[in-house]
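# Results of the structural survey
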Amino acid sequence: MNELMDLYQEVILDHNRRPRNTGAVVDANRRARGDNPLCGDQLSLTLKVSGGRVENIAFEGHGCAISTASASLMTDAVKGKTVAEAEALFRRVHDLLRGTEPPEVPGGAATGDAPDAEPDLGKLQALAGVRDYPMRVKCATLAWHTLHAALEQKDQPVSTET
Ligand code: ZN
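Okay, so let's go over this structure. Remember, predicted model here, so these are calculated numbers, not experimental data. (Residues numbered from 1 in each chain as written. Predicted model: local features only at pLDDT ≥ 70, side-chain atom pairs only at ≥ 80, totals over all residues. Heavy atoms only, no water.)

What follows deals with the pattern of salt bridges. Pairing of side chains with opposite charge becomes possible as their charged atoms draw close. Counting across every chain of the model gives four salt bridges. Ionic pairing is found between Arg-20 and Asp-14, a salt bridge with its closest N-O pair at 2.8 Å. When sorted by exposure, Arg-20 lands in the same class as Asp-14, which is buried. One network of salt bridges, in which partners are shared, links Asp-14, Arg-18 and Arg-20. (Salt bridge = Lys/Arg side-chain N within 4 Å of Asp/Glu carboxyl O. Buried < 20%, exposed > 50% of the residue type's maximum accessible area, 1.4 Å probe, protein only.)

This is how it looks when you write it as structure tokens:
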């Protein structure tokens, strides 16, 4: 278990040092801003959603190590996913950080009879480490709530759904 926690910490440190998908998507059609005044984390998210799929996603902002790593992990996880899959990941991470879902062992055998439709959390399991620090949970969920807000936007009709 300690090895697992070390691994998770490595993932957080790595994504904080070298955040993925930073900047702004030039042809974005979804965007949202996130703000966590408790910590001072600020996040600006841009997405290109086409055909019901997140084609591109990038983030800008500044914040603590947890918020930066979480945004980096989030963009990595949802890029290329369908909007439905991205929303499902949002819900899973939300449950994970709220402590309503036990952490899984990466690559371990699935237990129980959960439907296979559940998205695999993979590296996102690393975020579970903040559960013991209630002040930091909002740092970790900021990027996900911002993603959710961006995906909810209906200001641009998606032609493939008509
Ligand atoms: Zn923070």
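Okay, back to it.
This part is about the sheet that holds strand E1 (residues 30-36). Spatially, E1-E2-E3 is the arrangement adopted by the three strands of the open sheet, whose pairing is antiparallel. Two strands close off the open sheet at either side, each with one partner strand: E1 and strand E3 (53-62). The average angle at which neighbouring strand axes cross in this sheet is 15 degrees, direction not considered. Docked against the sheet, helix H2 (residues 65-78) engages strand E2 (41-50) and E3, running at close to 170 degrees with respect to E3. Helix-sheet contacts for helix H4 (residues 134-152) involve E1, E2 and E3, and the interaxial angle to E1 is about 150 degrees. (Pairing = 2+ DSSP bridges. Helix = DSSP H or I, 4+ residues; strand = E, 2+ residues; numbered from the N terminus. Axes fitted to C-alpha atoms, helices over the stretch in contact; angles between N-to-C directions. Contact = heavy atoms within 4.5 Å.)

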